[in-house]
Amino acid sequence: MDYVGNIIRPPSEAHSMIIQVTVGCSHNQCTFCGAYKGRDFCVKDIKTIKADIDEASSWGVPFTKAFLADGDALILPTTDLLDIIGYIRAKNPRITRIGVYANTKAIAKKTPDELKELRGAGLGIAYQGIESGNREVLRRVKKGAFPHKQKETAEKIMDAGILLSQTVLLGIGGVELSREHAIDTGKHLGDMSPDYASALTVMLLPNTGLYRDYQSGKFRLPDKFGLLEELRLMIEHMEVKRPCFFTSNHASNYLPIRAHFPEDREAVLKAMDRIIKRKDDNSLRPEYMRAL
Ligand code: SF4
């Protein structure tokens, strides 16, 4: 396979055929993200992409899903995406769902009709990194998208019939904006009510601007119980309008949660209250297990 650099995919795509269609991320400015630093963004040549599809299709693995990497593959022109998706499915009739990372800018560039056409071809799920619902936090981390645009694009994806999976980052507001970040992010997720929502914890990676801010003392990360209180506050304000599967079971988190909202929300809050009140370390993931 012509994989260039580290191939990053959502945990739920662990068993998917992974086809790299772009290298890096067209935005590549988020201060917390070290995934593609130092790597120029480019779209891979269609011949190379198809050769990878041929190779992966020859392995005899009964794939039912495929994932298009890297950081925001939805940025590709729709005709190219349709060509790639069509080729994957023609070679692998069992594949019924194609997934893709989709940043807000990439979704905004697509028309509703283009998204519906992609859905019809097999694009079944889009993963959108939201990080925060707080405008100031998003400005500081250079996310390149603010809450109103995130909501507009989230609706576009769901209106096209594509499943939407969103991620937010605990700790990204630092100690300074922890409370505002938690409340605004909870409200924002409730307002958008994606099919799936996941909370990850920000990791301080040495090749990022956020790490430099941390070293200089400009950014302070909440401690583990501070992060837990942030998560609790976020969930308290997350009033979904339709069913949402919420997880915080990513390896970066101290407290793994898997819950269906709205029905499990009160039980989750009560369980979290018990842990926070007792400062119950035993319920949290040990530090050595948080290595990614
Ligand atoms: S948009 Fe996503 S992949 Fe690109 S820099 Fe930001 S977090 Fe990283």
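Parameters and conventions
Residues numbered from 1 in each chain as written. Predicted model: local features only at pLDDT ≥ 70, side-chain atom pairs only at ≥ 80, totals over all residues. Heavy atoms only, no water. Helix = DSSP H or I, 4+ residues; strand = E, 2+ residues; numbered from the N terminus. Buried < 20%, exposed > 50% of the residue type's maximum accessible area, 1.4 Å probe, protein only. Contact = heavy atoms within 4.5 Å. Pairing = 2+ DSSP bridges. Axes fitted to C-alpha atoms, helices over the stretch in contact; angles between N-to-C directions. Near = heavy atom within 4 Å. Nonpolar A, V, L, I, M, F, W, Y, C, P; charged D, E, K, R; others polar. Right-handed = clockwise from strand over helix to strand, strands pointing away. Parallel < 35°, antiparallel > 145°, perpendicular 65-115°, else oblique. Left-handed = near helix turned anticlockwise from the far one by under 90°.

For Ser 178, the position within the fold is in helix 7 (residues 178-192). The class for Ser 178 is buried, based on a relative accessible area of 14%. Apart from residues no more than four positions distant in its own chain, Ser 178 is found in contact with Gly 173, Pro 222 and Glu 230.

Spatially, eight strands are ordered 1-4-5-6-7-8-9-10 in an open sheet, and the strand pairing comes out mixed. Each end of this open sheet is capped by a strand with a single partner; those strands are strand 1 (17-20) and strand 10 (258-261). Ignoring strand direction, the axes of neighbouring strands in this sheet form an average angle of 20 degrees. In the sheet, strand 7 (residues 163-170) pairs with strand 8 (residues 196-201) via six bridges, with the strands oriented parallel. When the sheet's bridge partners are listed, Gln 166 is paired in strand 8 with Ala 197. Its contacts with the sheet put helix 7 on strand 6 (123-131), strand 7 and strand 8, and the angle it makes with strand 7 is roughly 175 degrees.

Further remarks concern the site of the ligand. Around the ligand, a shell composed of Cys 25, Asn 28, Gln 29, Cys 30, Phe 32, Cys 33, Tyr 36 and Lys 143 is seen. Split into classes, the residues belonging to the shell around the ligand amount to five nonpolar, two polar and one charged.

Moving on to unusual backbone geometry. Looking along the chain, the bond that leaves Ala 69 and enters Asp 70 is cis, with omega of 10 degrees. Of note, Asp 70 is situated in the loop between strand 4 (65-69) and helix 2 (78-91). Within the chain, Lys 142 stands out as a residue other than glycine whose phi angle is a positive 60 degrees. Examined against the element boundaries, Lys 142 turns out to sit in the loop between helix 5 (135-140) and helix 6 (147-159). Of note in the backbone geometry, Ser 193 takes a positive phi value of approximately 45 degrees without being a glycine. Considering the arrangement of structural elements, one finds Ser 193 in the loop between helix 7 and strand 8. Accessibility expressed as a relative area gives 1% for Ser 193, which makes it buried.

Moving on, we come to the pairing of strand 8. Taken together, strand 7, helix 7 and strand 8 constitute a β-α-β crossover, and its handedness is right-handed. Two elements, strand 8 and strand 9 (residues 244-247), share three bridges in a ladder whose sense is parallel. Across the sheet, Ser 198 pairs through a bridge with Thr 247, a residue of strand 9.

Position of His 181 relative to the elements: it lies in helix 7. The class for His 181 is buried, based on a relative accessible area of 0%. Setting aside residues up to four positions removed in sequence, His 181 forms contacts with Glu 131, Ser 132, Asn 134, Val 137, Leu 169, Leu 170, Gly 171, Ile 172, Gly 173, Glu 230 and Met 234.

A word on the packing of helix 9 (residues 224-236) against helix 10 (residues 265-278). At a closest axis distance of 10 Å, the pairing of helix 9 and helix 10 adopts a crossing angle of 160 degrees. For the element pair helix 9 / helix 10, the angle class is roughly antiparallel. Every pair of crossing elements has a handedness; the one defined by helix 9 and helix 10 is left-handed. Residues Phe 225, Leu 228, Glu 229, Leu 231, Arg 232, Ile 235 and Glu 236 of helix 9 pack against Arg 265, Val 268, Leu 269, Met 272, Asp 273, Ile 275 and Ile 276 of helix 10. Classifying every residue of the contact of helix 9 with helix 10 gives nine nonpolar, no polar and five charged.

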